[in-house]
Amino acid sequence: MNKKSSNPGPASSAPPMDGFTKSGFILAAIGSSVGLGNMWKFPYITGKYGGAAFFLLFIICLIVVGLPILLAEMAIGRGGRGNAASSLFNITGKKQWKWVGVISVITAFLIMSYYGVVAGWTLHYTVNSFSGGLYQPGTDYAATFTSFAGGYMPLFWQAIVMLITGIIIAKGISGGIEKFNKILIPGFLIILLVLMVRALTLPGAAAGVEFFLAPDFSKLTAASALTALGHAFFSLSLGMGCMLTYGSYVQKNQSLGKATLAIGAGDLIYAFIAGMIIFPTIFSYGMKPEAGVGLAFMALPAAFAQMPLGFLFGGLFFLLLAIAALTSCVSILEVPVAYAMGEWKWSRKKAAVIVSIASFVIGVPAALSVGGVLSFITVTDKSIFDLFDFVTSYILMPVGGLIVTLFTGYAWKRVGDEVGLTGWWYRVWMFLIRYIAPILIILIFLYSVGLLNLGDE
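Right, let's walk through the structure included here. (Residues numbered from 1 in each chain as written. Predicted model: local features only at pLDDT ≥ 70, side-chain atom pairs only at ≥ 80, totals over all residues. Heavy atoms only, no water.)

Now for the packing of aromatic side chains. Any pair of aromatic rings gets described here by the distance separating the centres and the angle formed by the planes. In this structure the tally under the stated criterion is 37 aromatic pairs. For the ring pair Phe234 and Tyr394, a centre distance of 6.3 Å and an interplane angle of 85 degrees mean the geometry is edge-to-face. Of this pair, Phe234 sits in helix 11 (residues 222-235) while Tyr394 sits in helix 17 (residues 384-411); the two residues are 160 residues apart in sequence, bridging distant segments of the chain. Assessed through its relative accessible area of 19%, Phe234 is described here as buried. (Phe/Tyr/Trp six-rings, centres within 6.5 Å; stacked < 30°, edge-to-face > 60°. Helix = DSSP H or I, 4+ residues; strand = E, 2+ residues; numbered from the N terminus. Buried < 20%, exposed > 50% of the residue type's maximum accessible area, 1.4 Å probe, protein only.)

Below, the structure is given as structure tokens:
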């Protein structure tokens, strides 16, 4: 049993009037975790690093690092009943933790500024696919994407993304975020299953399944282990305050342990089915697997163009990406909106409008740097878009995750009361939070920024 402190810090602020239902919270949290990375990155790295062997390694990393930190973030949010910064202060009464927590708010705001650009790409491709305009004879899909991304139309679609996201957040937790996810996540699952069945019934699909899942333990190296760790961390939206902020809207009688398992299971299922869609499709049409935007916006459209009813299945695929992007956008933007409401006493509508506009404005240079008029601006050979991605994904998010582990493991004396773990379960979780997760996060950080060369890639 965990020990209780006689000095628990100041009383937490009163729970907000607006909050999630039990099922609504789990759906919203799953919506946050099912982002674009699991669709165009996870299947590729799984195939590259040993198929089913890597998938097993990823599950282990999810259990050892991802889920313990996820539980910690949600517990901090519910225990502190504040935003990503004030929750830490509400629990300890120490202002330094509040200022440290601001890092997560900044991280979420910066991520939203360029993630909204990518979400806009998915909306553009969804419309163009369903209309059939994307699939014209002789189309060079690499050139098509380069031309689109290098123009000004991405700004229009980015604005649409920010408008949709801002409206949902302005409507509140139960009437906005929860309702949105309750509609989209079930639809997301149906589309996912339809596309998987279509992919698995294509001629030559078995070769794609084999690439994705054939176990090859010889490819498991130190580099692949850190890659699996990093993806387990990033795929759950950790280190950017999303789950912490969502946790502040969770009912006290909801089991955070069960919610953690449900969210982790949702993340795993999504990653698995994504691979079962992408690689059978790619291999059926004789294309080489690759990662990143090239897979989603160049290779797969070429495959859909050759497929019977390709406009329909291509449209469903990009709609799937759009849903994944939008549900993540909602959770990301809620972080700075909640901060503005808590620290500056703005109304929810005012915060949603101002933060959405600010995020759009900051994202404009990122949008115009992907082959556009600002592509000539580079920092350490990175475009503005790539720089935003690098700083947030490889520096700020690991720092945010490290803060969560150190706060939970060493500064919060009565954390066991909030997480609901006792006895052996609590001791194992605390051991992972205090000793294992911080070390692994530091290794992920050093490896990601190139300061740790393992020599086995």
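Here the focus is the state of the cysteines. The term disulfide refers to a covalent linkage connecting the sulfur atoms of a pair of cysteines. With the rule as written, the count across this model stands at zero disulfides. For the unlinked cysteine Cys242, the closest cysteine sulfur is that of Cys329, found at 10 Å. (Disulfide = S-S within 2.5 Å.)

Quick look at helix 1 (residues 22-33) now. The terminal C-alpha atoms of helix 1 lie 17 Å apart, and with twelve residues this matches the ideal 16 Å at 1.5 Å per residue to within 8%. For helix 1, the complete set of buried residues consists of Gly24, Phe25, Ala28, Ala29, Ile30, Gly31, Ser32 and Ser33. (Expected span 1.5 Å × (residues − 1).)

All right, on to the nonpolar core then. A general tendency of soluble globular proteins is for nonpolar side chains to be buried together. In this structure, Met39, Ile69, Trp121 and Trp429 are the most contacted members of the largest nonpolar core, which totals 155 residues. If you tally residues by element for this core, the top one is helix 15 (residues 310-344), at 20 residues. If we skip the residues at most four places from it in the chain, Trp121 touches Phe145, Phe148, Ala149, Pro154, Val293, Phe297, Val370 and Phe385. (Core = buried A, V, L, I, M, F, W, Y, C linked by side-chain atoms within 4.5 Å. Contact = heavy atoms within 4.5 Å.)

This part covers a nonpolar patch on the surface. Taken together, the side chains of Phe130, Leu309, Phe311 and Leu312 make up a nonpolar region of the molecular surface, amounting to roughly 340 Å² of accessible area. Mapped onto the fold, Phe130 is located in helix 6 (residues 95-130). (Patch = residues over 30% accessible without salt bridge, like charges linked within 9 Å, V, L, I, M, F, W, Y side chains within 5 Å. Areas by Shrake-Rupley, 256 points an atom, 1.4 Å probe, with all protein chains shown as cover. Salt bridge = Lys/Arg side-chain N within 4 Å of Asp/Glu carboxyl O.)

Following the sequence through the fold, Ser224 ends up in helix 11. Engagement of the side chain of Ser224 in a polar contact is seen with the backbone nitrogen of Thr221, the distance being 2.6 Å. In this view, Ser224 contacts Tyr49, Phe54, Leu57 and Lys219; residues no more than four positions away in its chain are not counted. (Polar contact = N/O pair within 3.5 Å; in protein donor to acceptor, adjacent residues only side chain to side chain.)

A few words on the pattern of salt bridges. Inspection of the entire model under this criterion finds six salt bridges. Where Glu418 meets Arg78, a salt bridge forms, and the shortest distance between an N and an O atom there is 2.6 Å. Of this pair, Glu418 sits in helix 18 (residues 415-419) while Arg78 sits in helix 4 (residues 52-80), and the two are 340 residues apart along the sequence. For the pair shown, Glu418 and Arg78 are each scored as buried. Here Arg414 makes a salt bridge to Asp417, at a shortest N to O gap of 3.0 Å. According to the relative accessible area criterion, Arg414 is partly exposed, its value standing at 28%. With relative accessibility at 37%, the residue Asp417 sits in the partly exposed group. What you see here is one network of salt bridges that share partners, running through Arg78, Lys252 and Glu418.

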